[in-house]
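# Residue-level structural notes
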Amino acid sequence: MSVAELPQPLGPVSFRRMTLHDLEQVHTLERYLFPADAWPIDMFLAEIQHETRSYLVAEDTAVRPTSIIGYAGVMSVADTADVQTIAVAPQYEGKGIGRALLDYLHREAAARGAQTILLEVRADNPRAQDLYTRNGYSHIHTRPRYYNDGVDALIMQASLTDPTNSKETPR
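Residues numbered from 1 in each chain as written. Predicted model: local features only at pLDDT ≥ 70, side-chain atom pairs only at ≥ 80, totals over all residues. Heavy atoms only, no water.

## With respect to the environment of alanine 158
Rules: Helix and strand definitions here come from DSSP, where helices need a minimum of 4 consecutive H or I residues and strands a minimum of 2 consecutive E residues; each element is numbered from the N-terminal end. Per-residue accessibility, obtained with a 1.4 Å probe over protein chains only, is compared with the maximum for each type, and a residue is labelled buried under 20%, exposed over 50%, and partly exposed between these values.
If you trace the backbone, alanine 158 turns up in strand β7 (residues 153-159). Taking relative accessible area as the criterion, alanine 158 reaches 4% and is therefore assigned buried. Separated by 145 residues in sequence, alanine 158 and valine 13 place their C-alpha atoms 27 Å apart.

Structure (structure tokens):
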């Protein structure tokens, strides 16, 4: 069960909690965005039903039927949280959607008592790394050949108790 308030809409993009009815669309987007490492649909099912997890989707309400264009999830256990997944369709990148999803994950984890949040990001994904760095994450470890296609994972960490992590650094 989620406890944090959902992000405010960004134009025609709105946010809501992920439901069982979203899994097919989410999984289709997952396979498109992460062909080498896509989660099986059963993993999403298990994740959204687990009490330590919280998932949300971003959808474009300007198209009919509405279309899921992003999603994210966090696991919170005791004082540590882990970003399980975060994704935005390429045509919607750079519009603040990823930032809104990440901010929600931070607020949700903090509301559940987490003080620190971790994530893994592909070493060949500088755009995501930049988002995380601008939001208080630092690289703490590298897992060589972590992904199925042999790409390293960068382990990044941020404090949820540091007020400077609550807003993106201006550019």
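## Here's the deal with the packing of aromatic side chains
So the rule is basically this: Between rings of Phe, Tyr and Trp, where Trp is taken as its six-membered ring, a pair exists when centres lie within 6.5 Å; planes separated by under 30 degrees are stacked, by over 60 edge-to-face, and by other angles tilted.
Counted by the stated rule, this structure contains four aromatic pairs. Taken together, a centroid distance of 5.8 Å and an interplanar angle of 85° make the contact between phenylalanine 44 and tyrosine 71 edge-to-face. With phenylalanine 44 in helix α2 (residues 41-49) and tyrosine 71 in strand β3 (residues 67-77), the pair connects residues that are 27 residues apart, well separated along the chain. With a relative accessible area of 0%, phenylalanine 44 lands in the buried category.

## Description of helix α4 (residues 126-134)
Note the following rule: In this description, one arc is meant: the one made by directions from the helix axis to the C-beta atoms. Any two residues whose heavy atoms approach within 4.5 Å are treated as being in contact.
Regarding α4, the residues found buried are Ala128, Gln129, Leu131 and Tyr132. With its buried residues spanning 160° around the axis, α4 presents them on a single face. Where the residues of α4 are buried, they touch β4 (80-88), α3 (97-111), β5 (116-122) and β7. Remark: glycine 136 follows α4 within two positions and exhibits a positive phi of approximately 90°.

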